[in-house]
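# Coordinate analysis (summary)
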Amino acid sequence: MSVIAVLLVMGSCKKKDPSILKVFVRSANNELVNNAKVILIADVDSEPATPAYVDTVQSNSSGFATFDMQEFFDLLGKKETTGYFDVLVKKDTSEGSGYIRCRAHITNVITINLN
């Protein structure tokens, strides 16, 4: 009987989806760019305010950078499920930027075009 109870409890616990921010980097010719420096900066002046956060990742051979945002959202607690971020991208002499609202437990996607 206790085995059935444990199985029911384990089966009812849903695993939450990961909190991911994916940044695609494209050249002026619209080609995906690898080894670009992608910087994520929290917008502390957003409404509601996003706590200070900065992270840097290189885009991979497929032309995108992935930020695991789970730790960020874990620090916010269960009430706050949204953060606002500036995204800066640099590759050689080219730069690009964007702005994104990132939500917990989903994959958030933005494309940044380099100039």
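Refer to the structure above for everything that follows.
Below is a summary of the structure that appears in this document. All values derive from a computational prediction rather than experimental measurement. (Residues numbered from 1 in each chain as written. Predicted model: local features only at pLDDT ≥ 70, side-chain atom pairs only at ≥ 80, totals over all residues. Heavy atoms only, no water.)

### What to know about the sheet that holds strand β5 (residues 82-91)
Test applied: In this analysis, strands are considered paired if DSSP registers two or more bridges between them. Working definition: helices are DSSP H or I runs of at least four residues, strands are E runs of at least two. Numbering for both runs from the N terminus. Note on method: axes are straight lines fitted to C-alpha atoms, helices fitted across the in-contact stretch only, with angles between N-to-C directions ranging 0 to 180 degrees.
Across the sheet, four strands lie side by side as β3-β2-β5-β6; this open sheet has antiparallel pairing. Strands at the two margins of the open sheet, each flanked by one partner only, are β3 (54-58) and β6 (94-103). Averaged over all adjacent pairs, the angle separating strand axes in this sheet is 20°, with direction ignored. In terms of strand pairing, β5 meets β6 through 10 bridges, oriented antiparallel. Counted as the bridge partner of Gly83 is Cys102 from β6.

### A closer look at the environment of Tyr53
How we decide: Exposure classes here rest on a 1.4 Å probe applied to the protein chains alone. A residue is buried below 20% of its type maximum, exposed above 50%, and partly exposed in between. By the convention used here, residues are in contact when the closest approach between their heavy atoms is within 4.5 Å.
Among the structural elements, Tyr53 can be located in the loop between β2 (37-42) and β3. Judged by its relative accessible area of 21%, Tyr53 falls in the partly exposed class. The sequence separation of Tyr53 and Ile41 amounts to 12 residues, and the corresponding C-alpha distance is 5.9 Å. Excluding anything up to four places from it in sequence, Tyr53 contacts Leu40, Ile41, Ala42, Asp68, Met69, Phe72 and Phe85.

### Considering the side chain of Ser27
As for its position among the elements, Ser27 is in the loop between β1 (20-26) and β2. Those residues in contact with Ser27 that lie beyond four places of it in its chain are Val33, Asn113 and Leu114.

### Description of the nonpolar core
Just so we agree on the cut-off: Only buried residues count toward a nonpolar core. Its members are Ala, Val, Leu, Ile, Met, Phe, Trp, Tyr and Cys residues joined through side-chain atoms within 4.5 Å.
Among the nonpolar cores identified, the biggest contains 22 residues, and Val23 and Met69 are the most heavily contacted of them. Elements that contribute at least two residues to this core include exactly β1, β2, β4 (64-68), α2 (70-76), β5, β6 and β7 (107-113). If near-sequence neighbours (up to four positions away) are discounted, Val23 is found in contact with Val38, Gly63, Phe64, Ala65, Phe67, Val87, Ile110 and Ile112.

### Regarding the packing of aromatic side chains
What counts here: Stacked, tilted and edge-to-face pairs are distinguished by plane angle, under 30 degrees for stacked and over 60 for edge-to-face with tilted covering the rest, among Phe, Tyr and Trp rings (Trp via its six-membered ring) whose centres lie within 6.5 Å. A ring has a charge above it when a Lys NZ or an Arg CZ is no more than 6 Å from the ring centre and no more than 35 degrees off the ring normal.
Counted by the stated rule, this structure contains six aromatic pairs. For the ring pair Tyr53 and Phe85, a centre distance of 6.1 Å and an interplane angle of 80° mean the geometry is edge-to-face. With a gap of 32 residues between them, Tyr53 in the loop between β2 and β3 and Phe85 in strand β5 connect regions that are remote in the sequence. Its relative accessible area of 0% is what places Phe85 among the buried residues. Between Phe72 and Phe85, the aromatic rings sit 5.3 Å apart at their centres with planes inclined by 70°, giving edge-to-face as the arrangement. Highlighted residues: Phe72 in helix α2 and Phe85 in strand β5, separated in sequence by 13 residues. Phe85 carries the same exposure label as Phe72, and that label is buried. Cluster of aromatic residues (ring-pair linked, three or more members): Tyr53, Phe72, Phe73 and Phe85. One residue, Lys22, lies across the ring of Phe64, its end atom 4.5 Å from the ring centre.

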